[in-house]
Amino acid sequence: MRKPIIAGNWKMFKTRDEAIAFIYKVSEAMPSIKEVDSVICAQAPLMRCLIKRQGENLRIGAQNVFYEDEGAYTGELSGKLLNSYNVDYVIIGHSERRNIFNETDEMVNKKIKAALRNDLLPIVCVGEHLEERENNLTNQLLTTQIKAAFKGISAIDMERIVIAYEPIWAIGTGKTATADQAEETCAFIRTLVREMYGSVVADAIRIQYGGSVKPANIDEIISKANIDGALIGGAALDADMFITMVNAAVKK
Ligand code: PGA
């Protein structure tokens, strides 16, 4: 029904040579995969050398986009430029952007609109801190983040969006949410989307889990009904691990 999506978030890692070695290895191991969308989100100069070598098996994404298409915004990345390079996806609202670079829900909303008008598919990250989970505030926080992120986004656009549920306490910490915790929260997100947009959109939208996903836990995570893939940091830097995780999603 929903095509799984495995996305690697390389963050601020890899040189040009390392990126090229990775993509050659992936192209050789999985020349064409139709059952899963596989994506690598890389730093801006790396995207260019990856795009030249990408095939149907692997699409390329950015890790951020600015909400204006052009102007005097030193250091920012334009959606219009990304589109002109045939970049397909963009991660928006990653917790590192929210926490280190002070991105607000309002900025996330404007960035989603910038991505959509430039034909980029947004992977929109939401997720709670440990204190919020411990105080049973996860669903409340996610409701606030999601309602703000998608304010003014039409149902048609919503179907193109991927939501990545990433509990902040599980990112880069080795602590994964249990598959049941991840499923319960992804199911909650789908119910919320159903309330906001109706069943057609809720059944179509893809929801990923992210936070210390690796070959050892992907099978269980991907087997869950409401989890349509994963957003993967550390383990997606290694080509063999990435290939294993894409293959795990093929079985879904
Ligand atoms: P991790 O990162 O897989 O290294 O925990 C996930 C992410 O930040 O998207």
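Everything discussed here concerns the structure shown above.
Read on for an overview of the structure. In this text the structure is predicted, and so the values were computed from the model without any measurement.

### Digging into the pattern of salt bridges
Logical step 1: Evaluated as defined, the whole model comprises 19 salt bridges.
Logical step 2: In this structure, D88 engages R59 in a salt bridge whose closest nitrogen and oxygen atoms are separated by 2.7 Å. Placement of D88 in the loop between α3 (79-84) and β4 (89-92) and of R59 in strand β3 (residues 59-62) is noted, with a sequence separation of 29 residues between them.
Logical step 3: With a shortest N-O distance of 3.0 Å, D157 and R160 are connected by a salt bridge.
Logical step 4: With a relative accessible area of 22%, D157 lands in the partly exposed category.

### So, helix α5 (residues 105-117)
Logical step 1: A rise of 1.5 Å per residue sets the reference length of α5, with its 13 residues, at 18 Å; its end C-alpha atoms lie 19 Å apart and thus fit the reference within 8%.
Logical step 2: Check the buried side of α5 and you find it contacts β4, α4 (95-100), β5 (121-126), α7 (138-149) and α8 (155-158).

### Notes on the site of the ligand
Logical step 1: Taken together, the neighbourhood of the ligand is formed by 13 residues, with K11, H94, E166, G172 and S212 sitting nearest.
Logical step 2: Between the ligand and G234, the relevant distance is 2.9 Å, taken from an oxygen atom to a main-chain nitrogen or oxygen of the residue.
Logical step 3: Look at the ligand: alone it shows 280 Å² of surface, and the protein chains cover 95% of it.
Logical step 4: Here the ligand occupies the second largest pocket.
Logical step 5: The residue makeup of the shell around the ligand, split by class, is four nonpolar, seven polar and two charged.

### Let's talk about the layout of surface pockets
Logical step 1: Counted as a void, the largest pocket has a volume near 570 Å³.
Logical step 2: In terms of lining, the largest pocket is formed by 19 residues, of which the most central are Q43, Q63, N64, R97 and F101.
Logical step 3: Every element with two or more residues in the lining of the largest pocket is listed here: α2 (44-53) and α4.
Logical step 4: Split by residue class, the lining of the largest pocket holds nine nonpolar, six polar and four charged.
Logical step 5: Space inside the second largest pocket adds up to approximately 240 Å³.
Logical step 6: Taken together, 19 residues form the lining of the second largest pocket, with G172, S212, G233, G234 and A235 sitting closest to its centre.
Logical step 7: Residues of the lining of the second largest pocket, tallied by class, amount to seven nonpolar, nine polar and three charged.

### Remarks on the sheet that holds strand β8 (residues 229-232)
Logical step 1: Strand order in the closed barrel formed by eight strands is β1-β2-β3-β4-β5-β6-β7-β8, with parallel pairing between adjacent strands. Ignoring which end each strand starts from, the neighbouring axes of this sheet average 25° apart.
Logical step 2: One ladder, built from two bridges, connects strand β7 (residues 206-210) with β8; its direction is parallel. What sits directly across from G210, in β8, is L231.

### A word on helix α9 (residues 179-197)
Logical step 1: When the terminal C-alpha atoms of α9 are compared, their 26 Å separation across 19 residues agrees well with the 27 Å that a helix rising 1.5 Å per residue should span.
Logical step 2: For α9, the complete set of buried residues consists of A179, A182, E183, T185, C186, I189, R190, L192, V193 and Y197.
Logical step 3: Looking one or two residues beyond α9, the residue adopting positive phi is G198, at roughly 90°.

Parameters at a glance
- Residues numbered from 1 in each chain as written.
- Predicted model: local features only at pLDDT ≥ 70, side-chain atom pairs only at ≥ 80, totals over all residues.
- Heavy atoms only, no water.
- Salt bridge = Lys/Arg side-chain N within 4 Å of Asp/Glu carboxyl O.
- Helix = DSSP H or I, 4+ residues; strand = E, 2+ residues; numbered from the N terminus.
- Buried < 20%, exposed > 50% of the residue type's maximum accessible area, 1.4 Å probe, protein only.
- Expected span 1.5 Å × (residues − 1).
- Contact = heavy atoms within 4.5 Å.
- Near = heavy atom within 4 Å.
- Polar contact = N/O pair within 3.5 Å; in protein donor to acceptor, adjacent residues only side chain to side chain.
- Areas by Shrake-Rupley, 256 points an atom, 1.4 Å probe, with all protein chains shown as cover.
- 1 Å grid on protein atoms, 1.4 Å probe; cavity = no way out; pocket = protein on both sides within 12 Å on 5 of 7 lines; lining within 4 Å.
- Sits in = over half its atoms within 2 Å of the grid points.
- Nonpolar A, V, L, I, M, F, W, Y, C, P; charged D, E, K, R; others polar.
- Points joined across faces, edges and corners; volume = space filled by probe spheres on them.
- Pairing = 2+ DSSP bridges.
- Axes fitted to C-alpha atoms, helices over the stretch in contact; angles between N-to-C directions.

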